[in-house]
Amino acid sequence: MTGSNEFNLNQPPEDGISSVKFSPNTSQFLLVSSWDTSVRLYDVPANSMRLKYQHTGAVLDCAFYVGGLSFCPCPLTELV
């Protein structure tokens with residue numbers, strides 16, 4: 001069940017979520033890192049996954065950079 005300002009994302013991560021960040025320029029984009037080794041970029045109003053990047057290990061954090069036009073994952077594999 002979700003409240004009035006909550007909703008379920010389509011195609012959520014398959015394991016624990018480690019970080020959630022909104023784009024610094026707009027609340028349209030949501031970046032999610034997970035222990036399932038993925039980083040996913042969602043279009044919130046459309047409730048769709050725009051991009052999924054798979055690593056070889058869990059991703060502990062993620063961040064937008066360059067004015068919110070790019071992102072950087074921080075996986076346990078130490079490869080960024």
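As annotated in an unreviewed UniProt entry, the chain carries the name Mitotic checkpoint protein BUB3 and comes from Myodes glareolus.

Draft legend 1. Seen up close, the sheet that holds strand S4 (residues 48-54). Spatially, S1-S2-S3-S4 is the arrangement adopted by the four strands of the open sheet, whose pairing is antiparallel. For this open sheet the edge positions go to strand S1 (17-22) and S4, each flanked by a neighbour on one side alone. With direction set aside, neighbouring strand axes in the sheet form an average angle of 15°. Where strand S3 (residues 38-43) and S4 come together, six bridges link them in antiparallel fashion. Of the residues in S4, the one forming a bridge with Val39 is Tyr53.

Draft legend 2. View of the layout of surface pockets. Considering only enclosed or pocket space, the largest pocket measures out at about 170 Å³ in volume. In this structure, the largest pocket is lined by Phe7, Asn8, Leu9, Pro12, Pro13, Ile17, Val20, Phe22, Leu30, Val32 and Val44. Looking at the lining of the largest pocket, the elements with two or more residues in it are S1 and strand S2 (29-34). When residues in the lining of the largest pocket are grouped by element, the largest group, three residues, is from S1. A class-by-class count of the residues in the lining of the largest pocket yields 10 nonpolar, one polar and no charged.

Draft legend 3. Focus on the nonpolar core. One finds Leu31, Val39, Leu41, Val59, Cys62 and Phe64 forming the largest nonpolar core, which totals six residues. Secondary-structure elements contributing two or more residues to this core are S3 and strand S5 (59-65). Tallying contributions element by element places S5 first for this core, with three residues. With sequence-adjacent residues up to four places away left out, Leu41 is seen in contact with Phe29, Leu30, Leu31, Ser48, Met49, Arg50, Leu51 and Phe64.

Thresholds, definitions, all that
Residues numbered from 1 in each chain as written. Predicted model: local features only at pLDDT ≥ 70, side-chain atom pairs only at ≥ 80, totals over all residues. Heavy atoms only, no water. Pairing = 2+ DSSP bridges. Helix = DSSP H or I, 4+ residues; strand = E, 2+ residues; numbered from the N terminus. Axes fitted to C-alpha atoms, helices over the stretch in contact; angles between N-to-C directions. 1 Å grid on protein atoms, 1.4 Å probe; cavity = no way out; pocket = protein on both sides within 12 Å on 5 of 7 lines; lining within 4 Å. Points joined across faces, edges and corners; volume = space filled by probe spheres on them. Nonpolar A, V, L, I, M, F, W, Y, C, P; charged D, E, K, R; others polar. Core = buried A, V, L, I, M, F, W, Y, C linked by side-chain atoms within 4.5 Å. Buried < 20%, exposed > 50% of the residue type's maximum accessible area, 1.4 Å probe, protein only. Contact = heavy atoms within 4.5 Å.

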